[in-house]
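# Report on the structure
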Amino acid sequence: MADIVVRRIDINDKIYQQVYDLREAILRKPIGLSLKDENLSADAFNTIFIAEHQGMVVGCVMLYPIADEEKIKLRQMAVYDEWQGKGIGKQLVDAAEHYAKEMGYSAIILHARTVAEGFYKNLGYYTTSSEFTEVGIPHVVMEKDIF
Ligand SMILES: CC(C)(COP(=O)(O)OP(=O)(O)OC[C@H]1O[C@@H](n2cnc3c(N)ncnc32)[C@H](O)[C@@H]1OP(=O)(O)O)[C@@H](O)C(=O)NCCC(=O)NCCS
């Protein structure tokens, strides 16, 4: 998509505040929660991918190493409402998958909100669990082999 740049940052990048604001606005506020009430110390170990339009972060996703050295966890996938449906989410997941593959991982695992299950299914992820509740809303575990 024109004028959208997808790139990788870490938590020390000055643009990270915009990622925090996006996560708060899209992933927490609509369900009555706030990142302010969470322990975000593990965020420092995440690799963050942003979609940027003219210096403004419009989408993000994060990769978080878990105990399994074959798999990495994709989390905090969010695109601002007015930017949804334009292929930005797909571009972010593609970038994360490409990087994970480069890092030697063979699969990506994630906890999908059931409302977003179709989005991930469309990108080749398959559901590996029954529904469970996380941050007060229904989720399923999904996975994709990337080797
Ligand atoms: C889910 C989300 C990240 C998708 O991002 P997006 O930029 O709107 O998605 P894209 O435009 O890249 O969509 C890619 C494809 O998935 C489809 N898709 C997007 N959202 C979908 C959904 N919720 N259910 C089913 N299919 C979906 C699109 O139609 C598109 O299909 P196409 O390639 O056949 O045209 C975004 O809607 C969002 O931020 N939602 C609110 C937060 C959220 O639920 N995050 C996920 C937490 S697990």
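A few points on the structure.

Analysis parameters
- Residues numbered from 1 in each chain as written.
- Predicted model: local features only at pLDDT ≥ 70, side-chain atom pairs only at ≥ 80, totals over all residues.
- Heavy atoms only, no water.
- Helix = DSSP H or I, 4+ residues; strand = E, 2+ residues; numbered from the N terminus.
- Expected span 1.5 Å × (residues − 1).
- Buried < 20%, exposed > 50% of the residue type's maximum accessible area, 1.4 Å probe, protein only.
- Contact = heavy atoms within 4.5 Å.
- Polar contact = N/O pair within 3.5 Å; in protein donor to acceptor, adjacent residues only side chain to side chain.
- Pairing = 2+ DSSP bridges.
- Phe/Tyr/Trp six-rings, centres within 6.5 Å; stacked < 30°, edge-to-face > 60°.
- Lys NZ or Arg CZ within 6 Å of the ring centre and 35° of its normal.
- Salt bridge = Lys/Arg side-chain N within 4 Å of Asp/Glu carboxyl O.
- Right-handed = clockwise from strand over helix to strand, strands pointing away.

## Looking at helix 1 (residues 16-28)
The end-to-end C-alpha distance of helix 1, which contains 13 residues, comes to 17 Å, matching closely the 18 Å that a straight helix rising 1.5 Å per residue would cover. Buried within helix 1 are the following residues: Tyr16, Val19, Tyr20, Leu22, Arg23, Glu24, Ile26, Leu27 and Arg28. Packed against the buried residues of helix 1 are strand 1 (4-9), strand 2 (47-53), strand 3 (56-65), strand 4 (71-79) and strand 5 (107-113).

## Considering the side chain of Arg23
Of note, Arg23 is situated in helix 1. Since its relative accessible area comes to 0%, Arg23 is described here as buried. A polar contact is formed between the side chain of Arg23 and the side chain of Gln76, at a distance of 2.6 Å. Every residue in contact with Arg23, bar those within four places of it in the chain, is listed here: Tyr16, Arg28, Leu35, Leu40, Asp43, Cys60, Met62, Arg75 and Gln76.

## Re the pairing of strand 2
Within strand 2, seven of the seven residues are buried, which leaves the element mostly enclosed by the surrounding structure. Bridging between strand 2 and strand 3 involves seven bridges; their strand directions are antiparallel. Bridging from a neighbouring strand, Ala51 pairs with Gly59 of strand 3. Here strand 2 folds back onto strand 3, and the loop between the two strands holds two residues, one of which, Gln54, carries a positive phi near 45°.

## Digging into the packing of aromatic side chains
Considering all chains together, one arrives at three aromatic pairs under this definition. With a centroid separation of 5.7 Å and an interplanar angle of 65°, the aromatic rings of Phe49 and Tyr99 are classed as edge-to-face. With a gap of 50 residues between them, Phe49 in strand 2 and Tyr99 in helix 2 (residues 88-102) connect regions that are remote in the sequence. Relative to Tyr125, the ring of Tyr120 lies with its centre 5.9 Å away and its plane at 70°, an arrangement referred to as edge-to-face. With respect to class, Tyr120 is no different from Tyr125; both count as buried. Taken together, Phe119, Tyr120 and Tyr125 form an aromatic cluster joined through their ring pairs. The side chain of Arg75 reaches across the aromatic face of Tyr64, ending 6.0 Å from its centre.

## Considerations on the pattern of salt bridges
One pass over the structure, following the stated rule, counts eight salt bridges. For Arg23, the salt bridge goes to Asp43, with nearest N and O atoms at 2.8 Å. Residue Arg23 is located in helix 1, and its partner Asp43 is located in the loop between helix 1 and strand 2; the two are separated by 20 residues in the primary sequence. We note a salt bridge from Arg28 to Glu38, for which the minimum N-O separation is 2.4 Å. Highlighted residues: Arg28 in helix 1 and Glu38 in the loop between helix 1 and strand 2, separated in sequence by 10 residues. Each of Arg7, Asp13 and Glu52 takes part in salt bridges that share partners, so that together they form one network.

## Brief notes about the pairing of strand 5
Buried residues dominate strand 5, accounting for six of its seven residues. Since strand 4 and strand 5 lie parallel, the crossover through helix 2 that links them has a hand, and here it is right-handed. Taken together, the seven bridges between strand 5 and strand 8 (residues 137-145) define a ladder with antiparallel strand orientation. Residue Ala107 lies in a different strand from strand 8, and its bridge partner there is Asp145.

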